[in-house]
Amino acid sequence: MSTTLIRNGRIIDPACGLDSNGDLLITDGRIASIHVDGDPSPPADDSIDATGCIVCPGLIDIHVHFRDPHQGQGHEETIALGSAAAVAGGFSTVCCMPNTSPALDTTEQVAGVMQRGRDAQLARVHTVACGTIGRRGETIAPISDLIAAGAIGISDDGDGIADHAMMRRILEAVASADSCFMQHCQDPEATKGSVMNAGPLATKLGLIGWPASAEEAMLQRDLELNADIGARYHAQHLSSGGSVELIRAARAQGQPATGEVSPHHLLLTEDACSTYDTNAKMNPPLRRREDIDALKAGISDGTITILGTDHAPHPAHTKAVDFAAASFGIVGLECALPLYRKALIDDGVLDWPQMLAMMTCNPARLVGLDAEGLGSLTEGGPADLTIIDPDLEWIIDADAFMSSGRNCPFNGWTVRGRSIKTIVAGAVVHDRATAVTV
Ligand SMILES: [Zn+2]
């Protein structure tokens, strides 16, 4: 039996409202006991000093792209590199999106990603599987089989499900399998060739605009369809204030709808595109200050409950081209935590326990990983933990990322807050002190 005591940390478990200084004992990869408010701790074989640090459930990101498999896509990311990036950023669990090549639409593909995740021995790697075969929107995927094979959700991320009848069938299948559907809300007809937010700036730059209404239209249709079905419906990477209002109204009517935001949609506006910087090219696009304010209001009032990174590594050559031709997306795992701190805590929107809820118990509940004891500090549950120095100041250096991706508009930013240790099943899989992922 091996025991490790994490000593003198600020132990935060949003799942049960715990926020106290104390110690946490790990025994054989599981959380054995939590000792706060002067409750004495038992002796242990090893100890980790967490003085001045937050000790919380391992962070969970339900929206990453690890590009595996990637036949013919030219991507350099692998599940091993993506997992190293995850644990370096404090994430102990990630969920991979299925817009790979081939797409994750068979039980064999799902099993393969999960196996390669286990082989990497870093983060817990789960996968979301396709709603339609090949993500083409034409033929429904074998949803119940994919979920039975281990997929923790269904999505055609990268594209929305355009066809209404198909969307209804998918929501029904997801509801009957007690899983969740994650929508990339984008009306394809309204966004043909679109590369940045629609408006005067896009016109001035000579770029084709992607209107917020194209996100809102699909979201509104989905929420109307789901009103009768009641599936767990999750809107990914929201960018528009109008979307917040739609989710707020649906939740007020009792629909199990959730929304997600990513760091870039909270910290950058379309102005970042004005120099044709391809690291500002996102899908959905960066929008206006009013949208950021509405997203933050939605976070503050509990309408938006999940933070995701949409970690999207791209080879450098796909960004070193004209803005119109460049790939969409940025890497996010290794700088998300301080960026959320900047956007939400420094701005007074949330405190640490509230923000960590959006990165632990809330995503765990959406995808059912709470049943495995993830996303909370449960005695007897897996010892997945993140130790965070909340005030550590550092400069984001994309060249130092574990990820193969260097496409990061935050490169060079001075930020505060960093994961200093990431622990999965009791094992330290990333240690900032040695700057190595083990
Ligand atoms: Zn997407």
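A.B. asks: Lay out the overall build of the chain in plain terms, naming residues and giving numbers.
C.D. replies: In terms of regular secondary structure, the chain is built from 12 helices and 19 strands. A compact globule built from 438 residues should have a C-alpha radius of gyration of about 22 Å, and the chain, at 21 Å, falls within 12% of that. If one aligns the C-alpha atoms of the chain with their principal axes, the spans along those axes are about 65 × 45 × 45 Å. Pairs at least 24 apart in sequence give 74% of the contacts found in the chain among residues at least 6 apart. For the chain, the accessible area works out to roughly 15700 Å², and carbon and sulfur atoms hold 48% of it.

A.B. asks: Which residues make up helix α2 (residues 107-120), and what are the values?
C.D. replies: The end-to-end C-alpha distance of α2 is 20 Å, a good match for the 20 Å that 14 residues give at a rise of 1.5 Å each. All of the buried residues along α2 are Gln109, Val110, Gly112, Val113, Met114 and Gly117. Elements that come into contact with the buried residues of α2 comprise α1 (79-88), β7 (91-96), β8 (124-129) and α3 (143-148). Of the residues trailing α2, glutamine 121 is marked for its positive phi of about 55°.

A.B. asks: Tell me what's going on with the domain arrangement of the chain, and back it up with residues and numbers.
C.D. replies: Under the domain assignment used here, the chain contains domain 1 (3-55 + 380-391 + 415-437) and domain 2 (58-372). Its C-alpha centre places domain 1 at a distance of 29 Å from the equivalent point of domain 2. With both chains or domains summed, domain 1 and domain 2 bury close to 1900 Å², and 64% of this area falls on carbon and sulfur atoms. Ionic pairing is found between arginine 124 and aspartate 384, a salt bridge with its closest N-O pair at 2.6 Å. On the surface where domain 1 and domain 2 come into contact, there are 7 residue pairs in polar contact (both at pLDDT 80 or more). Looking at which element gives the most residues to the side of domain 1 that touches domain 2, the answer is strand β17 (residues 414-424), with 8 residues. Looking at the side of domain 1 that touches domain 2, its residues break down into 13 nonpolar, 6 polar and 7 charged.

A.B. asks: I'd love a proper account of the coordination of the zinc ion, names of residues and values included.
C.D. replies: Around the zinc ion, the protein supplies Asp157 (OD), His184 (ND1) and His237 (NE2) as donor atoms, at distances of 1.9 to 2.3 Å. Counting gaps between the donor residues of the zinc ion yields the pattern D-x26-H-x52-H. Here histidine 184, found in the loop between β10 (180-183) and β11 (196-197), pairs with histidine 237, found in the loop between β13 (232-235) and α7 (241-252); they are 53 residues apart in sequence, far enough to count as distant. Residue histidine 184 shares its accessibility class with histidine 237, and that shared class is buried.

A.B. asks: Pulling in residues and values, what's your account of the environment of alanine 235?
C.D. replies: By the element assignment, alanine 235 lies in strand β13. Take alanine 235: its relative accessible area is 0%, and that puts it in the buried class. Sequence-wise, alanine 235 and leucine 219 are 16 residues apart; in three dimensions their C-alpha atoms are separated by 7.4 Å.

A.B. asks: Residue-level account of the environment of methionine 358, with values.
C.D. replies: Structurally, methionine 358 is set in the loop between α11 (352-357) and α12 (361-367). As a C-alpha pair, methionine 358 and isoleucine 387 span 29 residues in sequence and 16 Å in three-dimensional space. Those residues in contact with methionine 358 that sit more than four places away from it in its chain are Ile299, Ile304, Thr305, Ile306, Leu307, Leu350 and Pro363.

A.B. asks: Tell me about the nonpolar core, and name the residues and values.
C.D. replies: Proteins that are soluble and globular tend to have nonpolar side chains buried together. Grouped together as the largest cluster of nonpolar side chains are 97 residues, with contacts concentrated most on Tyr233, Leu344 and Met355. Here this core gets 7 residues from one element, more than from any other, and that element is helix α10 (residues 336-345). Split by domain, this core shows at least three residues from each of two domains, domain 1 (3-55 + 380-391 + 415-437) and domain 2 (58-372). Beyond its immediate stretch of four places on either side in the chain, methionine 355 contacts Leu307, Leu337, Tyr340, Arg341, Leu344, Ile345 and Leu350. With 18 residues, the next largest nonpolar core counts Leu24, Ile48, Cys53 and Ala383 among its residues.

A.B. asks: Break down the side chain of lysine 296 for me, citing the residues and quoting the values.
C.D. replies: Position of lysine 296 among the secondary structure elements: in helix α9 (residues 289-300). Setting aside its immediate chain neighbours within four residues, lysine 296 contacts Leu266, Ala343, Leu344, Asp347 and Val349.

A.B. asks: Break down the packing of aromatic side chains for me, citing the residues and quoting the values.
C.D. replies: For the structure on display, the rule yields 2 aromatic pairs. A ring pair is formed by phenylalanine 410 and tryptophan 413, whose centres lie 4.8 Å apart and whose planes are at 85°; its orientation type is edge-to-face. Exposure remark for tryptophan 413: the relative accessible area of 25% places this residue in the partly exposed category. When the ring centre of phenylalanine 328 is taken as reference, the NZ or CZ atom of lysine 281 above it lies at 4.6 Å.

A.B. asks: Go over the packing of helix α4 (residues 164-176) against helix α6 (residues 212-229) with me, naming the residues and quoting the values.
C.D. replies: The packing of two helices is summarised by the inter-axis angle and the distance between the axes. Between α4 and α6, the least distance of the axes is 10 Å, while the angle of their chain directions is 45°. By the angle between their axes, α4 is oblique relative to α6. Considering only the axes of α4 and α6, their crossing is right-handed. Each of His164, Met167, Arg168, Leu171, Glu172 and Ala175 in α4 lies in contact with α6, whose residues at this interface are Arg221, Asp222, Leu225, Asn226, Asp228 and Ile229.

A.B. asks: Break down the layout of surface pockets for me, citing the residues and quoting the values.
C.D. replies: Counted as a void, the largest pocket has a volume near 390 Å³. Considering the residues around the largest pocket, the lining is formed by 20 residues, among which Asn99, Gly158, Asn283, His314 and Phe328 are closest to the centre. Split into classes, the residues belonging to the lining of the largest pocket amount to 4 nonpolar, 11 polar and 5 charged.

Quick notes on the rules
- Residue numbering note: each chain is counted from 1, following its sequence as written.
- In view of the model being predicted, local features appear only for residues whose pLDDT reaches at least 70, and side-chain atom pairs are presented and counted only at 80 or more, with totals across whole chains, interfaces and linings using the full set of residues.
- The side-chain figures draw on all heavy atoms in the structure; neither hydrogens nor water molecules are used.
- Strands are runs of DSSP state E lasting at least two residues, helices are runs of H or I lasting at least four, and both sets are numbered from the N terminus onward.
- For this measure, only C-alpha atoms enter the radius of gyration; the expected value for a globule follows 2.2 Å times N^0.38, where N is the number of residues.
- In this analysis, two residues are considered to be in contact whenever any of their non-hydrogen atoms come within 4.5 Å of each other.
- All accessibility values rest on the Shrake-Rupley procedure with a 1.4 Å probe; residue burial counts only the protein chains present in the view.
- For a helix, the expected span equals 1.5 Å multiplied by the residue count minus one.
- Exposure classes here rest on a 1.4 Å probe applied to the protein chains alone. A residue is buried below 20% of its type maximum, exposed above 50%, and partly exposed in between.
- A domain assignment, automatic or from a database, supplies the domain bounds used here.
- Note: buried area is the sum, over both parts, of the accessible area (probe 1.4 Å) each one loses when the two are combined.
- A pair is scored as a salt bridge if a Lys or Arg side-chain nitrogen falls within 4 Å of a carboxyl oxygen belonging to Asp or Glu.
- Pairs of N or O atoms within 3.5 Å make up the polar contacts considered here, provided that, within protein, one atom can donate a hydrogen while the other can accept it, and that residues adjacent in sequence are counted only when both atoms are side-chain atoms.
- For this classification, the nonpolar set comprises Ala, Val, Leu, Ile, Met, Phe, Trp, Tyr, Cys and Pro, the charged set comprises Asp, Glu, Lys and Arg, and every other residue, Gly included, is treated as polar.
- Donor atoms: N, O and S within 2.8 Å of the metal, or within 3.2 Å for Na, K and Ca. Because water is excluded, sites can look incomplete.
- Within this scheme, the nonpolar core is defined by two criteria: the residues are buried Ala, Val, Leu, Ile, Met, Phe, Trp, Tyr or Cys, and they are joined through side-chain atoms within 4.5 Å.
- Note on aromatic contacts: the rings of Phe and Tyr and the six-membered ring of Trp form a pair at centre separations within 6.5 Å, being stacked when their planes are under 30 degrees apart, edge-to-face when over 60 apart, and tilted otherwise.
- Only Lys NZ and Arg CZ are tested; either one counts as a charge over a ring when it is within 6 Å of the ring centre and within 35 degrees of the ring normal.
- Axes, fitted as lines to C-alpha atoms, cover a helix only where it is in contact. Angles between the N-to-C directions of the axes lie from 0 to 180 degrees.
- Here is the rule for angles: anything less than 35 degrees is roughly parallel, anything more than 145 is roughly antiparallel, 65 through 115 is roughly perpendicular, and the remaining ranges are oblique.
- Crossing chirality is assigned from the near helix's rotation relative to the far helix, an anticlockwise turn below a right angle marking it left-handed and a clockwise turn marking it right-handed.
- Cavities and pockets are found on a 1 Å grid laid over the protein atoms alone: a cavity is a set of points where a 1.4 Å probe fits but cannot escape, a pocket is an open set with protein on both sides within 12 Å along at least five of seven lines, and a lining residue has an atom within 4 Å of such a point.
- Grid points are joined across faces, edges and corners, and a volume is the space filled by probe spheres set on the points.

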